[in-house]
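Here's the letter readout for the chains.
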Amino acid sequence: MIKLENLTKVYGDKTAVDGLSLTFKPGVVTGLLGPNGSGKSTTMKMIISLVNPTAGDVLINGNKYKDYQEPFKQVGTLIDPSALDKNFTAKQHLSIIAEAANINSDRVDDMLQITGLDNAKDNKLKSFSLGMKQRLGVATALLSNPAAIILDEPFNGLDVDGIKWLRKLFKELAEEGKAVVVSSHLMSEIQAVADRVVIIGQGKLLADMTMEEMNEKSLSSYVYVEADNLEKMKKALEEKQAVIKRKDAGFEVRNLEAKEIGRLALEQQLTLHELKSVKPSLEELFTEITSGKADYVSQGAENK
Amino acid sequence: MMNLIKSNFKKILYLPAYRNFLMMTVVLSIVFGAIFLFTINITQGRAFTDLTFMEMIDISFLGIDVTTIMLIIFTAMFISKDLAAGAVHTNLAITPNRRKYFISKIIFLAVLFILISITVAVLLVITSQLIASAIGVSGLSAAGSALYQIIIGSIVMVLFYTLLSAAGTFYIQSPAGGITFALAVMFLPALIKMFPEVVSDPLLVIFPENALNYFIGVGSGSFVLSAAVLLAWIIIPSVIALWIFNRIDY
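Because the structure is predicted, anything quoted here is derived from the model rather than measured. Each chain carries its own residue numbering, running from 1 in the direction its sequence is written. Lettering for chains starts from A, numbering for ligands starts from 1, and both go in the order in which the items are written. Residues qualify for local features only when their pLDDT is at least 70, as the model is predicted, and side-chain atom pairs are given and counted only at 80 or more; totals for whole chains, interfaces and linings, by contrast, use all residues.

**Q** Explain the sheet that holds strand β2 (residues 14–24) of chain A here, please?
**A** In sheet architecture, strand pairing relies on hydrogen bonds along the backbone and comes in two forms, parallel and antiparallel. All names here are of chain A. Spatial ordering of the open sheet is given by β2-β1-β4, a layout of three strands whose pairing is antiparallel. Of all the strands in the sheet, just β2 and β4 (55–60) have a single pairing partner and so form its edges. If you compare each strand with its neighbour and ignore which way they point, the axes differ by 20° on average. Between any two strands, pairing holds if DSSP finds at least two bridges. In this description a helix means any DSSP run of H or I spanning at least four residues, a strand means any run of E spanning at least two, and both kinds are numbered starting from the N terminus. Strand direction decides the pairing type here: strand β1 (residues 2–11) and β4, joined by five bridges, are antiparallel. Each residue of the ladder has a partner; that of Thr8, found in β4, is Ala55. A pair of residues counts as a contact when their C-beta atoms, built from backbone coordinates, are separated by no more than 7 Å. Interaxial angle, 0 to 180 degrees, is taken between N-to-C directions of lines fitted to C-alpha atoms, where a helix line uses only the stretch in contact. Packed onto the sheet, helix α1 (residues 40–47) meets β1, β2 and β4 and runs at close to 120° relative to β1.

Printed below as a string of structure tokens:
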């Protein structure tokens, strides 16, 4: 379990991370989302002591990462897939890490096989594509079979097979009881793998809930209803304190569930032409939650 | 700690560039030692055949200066490669205790350089002995304890300047910083000597040149004072470098 307690990082007059308190639990895939400069990477780096917090603490199973005798066995990380000496081969890279972290050298071959790099194990890393470097980064993170895994943008550069493989891997790791933390700007990927979503904006925690909770609470989720008599339908909905907005040939209805609207229509003897729950994509949720929180938003994006 | 030291040895083992650099260091040191010896009539106006065996050793051991400069460069490159953007994330994720990381690097380099400087020293002695035999000068048997002193002093010199290079690299976080720092300490006394003695003499006491000369056997002074000067030069920059290294956010 990774526990962030009032974690804060200030660079000069800029607060990168602002009093973040969170817990990453075992057996859960947590998606970490936020606009550029929101503090995701700084938070991840503070977890593994690459960045010194200005205030607050990160505790991994009760201790600080740097206080462990063999910290790499607690948390496996992929912060930067280019974090390697390109003159080594994949096998040499992993062997050096295994030696430094006191990990059985048999794990090196296992990881090369699991990540699909077995055939390229003797190739120099300078010949690796970004996708292959990502796979090697994942192999590095899993080398010590750690209790928690933190991966920063692991989907970047992966092909379709790689993305499918990574989705499956995250599920398996969570099923093994590991805490998996994944940041990504590909929200569809987070939606596909995460059990829980944490959204950070300007270093602050904006949202922390399960995917289901998020869908339910979002303003982007509503019930679309079309009926033969819209005026009568509107009046009935308003009596139930529903929030109504005209859309196409019907209404967007909030604060009432579809089954309640169906029952209401029956009571009012209205014929429904359409009744459906509209759930937002994570992208819509993300935009909703971080609206106005991005440090760097292009003019075009802001106007859309 | 042992695992970190072993992983550093693996890096040397795996990368031909490192191995070649170290082999070139040994070869160039011997070649330059021989060149200094064979050009003595040009540089000092003395006939080569007039030299005693210990004079031959003194001259050929100038090859150790080449070893020192090459290893200053190697140290700065080796450390800065691990501290380069990206690679440092992996290295410090494995060893977040930066004091442990720093000390393991220093121990690894010290052990490696002791082995290399012993190799160079032995090869320089063998080269001098072969040349002495060829021109009929009494060799090793006439050398005595002075020979051991120059070998030990040479190892101390190599270690001293390379550890300064390591401290400089950690402090400035660049190979240029490490190399410049070590070379500045090496060459500043030559500049100071250009000033009148009233200025230069007190300054030279705090520079390591006299202390190193004492260990090589060509300078005056005491063991305690010389060791204290060298240790101060190593410890103070290392403590500052470690303090800076601990505070850096990567």
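**Q** Sorry, what's going on with the pairing of strand β10 (residues 222–227) of chain A here?
**A** Look at any regular strand and the pattern is simple: side chains alternate between the two faces of the sheet. All names here are of chain A. Inspection of the sheet shows β10 paired to strand β13 (residues 272–278) by six bridges, in the antiparallel sense. Across the sheet, Val225 pairs through a bridge with Leu275, a residue of β13. As defined by bridge partners, β10 adjoins strand β12 (residues 250–254) across three bridges and the pair is classed as antiparallel. By the bridge assignment for β12, Tyr224 is matched with Glu252.

**Q** Would you explain the interface of chain A and chain B in this entry?
**A** Quite often, the size of an interface is put as the accessible area lost when its parts meet. Contact residues are listed per partner, giving 27 residues for chain A and 23 residues for chain B. Gly falls in the polar group here, along with every residue not listed as nonpolar (Ala, Val, Leu, Ile, Met, Phe, Trp, Tyr, Cys, Pro) or charged (Asp, Glu, Lys, Arg). Tallied by class, the residues present in the side of chain A that touches chain B amount to 14 nonpolar, nine polar and four charged.

**Q** Looking at this structure, how should I read the sheet that holds β10 of chain A?
**A** Residues and elements named next belong to chain A. With respect to topology, four strands assemble into an open sheet ordered β11-β12-β10-β13, the strand pairing being antiparallel. Every other strand in the sheet has two partners, leaving β11 (243–247) and β13 as the edge strands with one partner each. Neighbour-to-neighbour, the strand axes of the sheet open up by a mean angle of 20°, direction not taken into account. Where helix α9 (residues 258–267) meets the sheet, its contacts fall on β10, β12 and β13, and the angle it forms with β13 comes to roughly 165°.

**Q** What is the right way to read the domain arrangement of chain A from this model?
**A** Marked domain ranges trace back to an automatic or database domain assignment. Considered domain by domain, chain A is made up of domain 1 (2–210) and domain 2 (222–278). Taken over C-alpha atoms, the centre of domain 1 of chain A sits 46 Å from the centre of domain 2 of chain A.

**Q** Could you clarify how one ought to interpret helix α8 (residues 145–172) of chain B in this entry?
**A** In an α-helix there are 3.6 residues to a turn, and that puts residues three or four apart on one side. A rise of 1.5 Å per residue sets the reference length of α8 of chain B, with its 28 residues, at 40 Å; its end C-alpha atoms lie 41 Å apart and thus fit the reference within 8%. Two residues or fewer after α8 of chain B comes Gln173 of chain B, characterised by a positive phi angle close to 60°. Any helix carries an expected span of 1.5 Å times its number of residues minus one.

**Q** Where do I start with the UniProt feature "transmembrane region" (unreviewed entry) in chain B in this structure?
**A** Taken from the UniProt record, the annotation "transmembrane region" (unreviewed entry) applies to residues 21–40, 60–80, 101–126, 146–164, 176–195 and 215–245 of chain B. Regarding residues 101–126 of chain B, the helix share stands at 100% and the strand share at 0%, and the terminal C-alpha atoms are separated by 38 Å. UniProt positions are given in the numbering used here, feature names are shortened, and annotations may be inferred rather than shown by experiment.

**Q** Is there a simple way to think about the packing of helix α11 (residues 209–216) of chain B against helix α12 (residues 223–247) of chain B in this case?
**A** Helix packing for two helices is described by the angle between their axes and how far apart those axes are. Residues and elements named next belong to chain B. Here α11 crosses α12 at 130°, and the two axes come no closer than 9 Å. With respect to α12, the axis of α11 lies oblique. When the axes of α11 and α12 are compared, the crossing they make is left-handed. On α12, the residues touching Ala211, Tyr214 and Phe215 of α11 are Ser226, Val229 and Leu230. Classifying every residue of the contact of α11 with α12 gives five nonpolar, one polar and no charged. Each angle gets one of four labels, with under 35 degrees taken as roughly parallel, over 145 as roughly antiparallel, 65 to 115 as roughly perpendicular, and the rest as oblique. For a crossing to be left-handed, the near helix must be turned anticlockwise from the far one by less than a right angle; the clockwise case is right-handed.

**Q** I would appreciate a short explanation of the environment of Asn3 of chain B in the present structure.
**A** Tracing the sequence through the fold places Asn3 of chain B in helix α1 (residues 2–14). Between the C-alpha atom of Asn3 of chain B and that of Ser104 of chain B, which follows or precedes it by 101 residues, the distance is 9.1 Å. Aside from chain neighbours lying at most four places away, what touches Asn3 of chain B is Glu99, Ala100 and Asn102 of chain A.

**Q** Is there a simple way to explain the pairing of β2 of chain A in this structure?
**A** Residues and elements named next belong to chain A. Here β1 runs beside β2; their pairing, made up of seven bridges, is antiparallel. Across the sheet, residue Ile2 finds its bridge partner in β2, namely Phe24. Counted along the chain from β1 to the antiparallel partner β2, the turn is two residues long, and its residue Gly12 has a positive phi close to 60°.

**Q** What is the right way to look at the environment of Met44 of chain A in this model?
**A** Tracing the chain through its elements places Met44 of chain A in helix α1. Contact partners of Met44 of chain A, with chain neighbours within four places excluded, come to Ile79, Ile150, Asp152 and Ser183 of chain A.

**Q** What is the right way to look at the confidence of the model for chain A in this model?
**A** When pLDDT drops low, the exact placement of atoms in the prediction is not to be read closely. Residues and elements named next belong to chain A. The predictor rates its confidence in each residue with pLDDT, a number between 0 and 100. Chain-level pLDDT for chain A is 85 on average; 92% of the residues reach the 70-or-more range. Of all helices and strands in chain A, the one with the weakest mean pLDDT is helix α11 (residues 299–303) (38), whereas β4 scores best (94). A low-confidence stretch, residues 293–304 (pLDDT under 50), is modelled with 12 contacts involving residues beyond four sequence positions or located in other chains.

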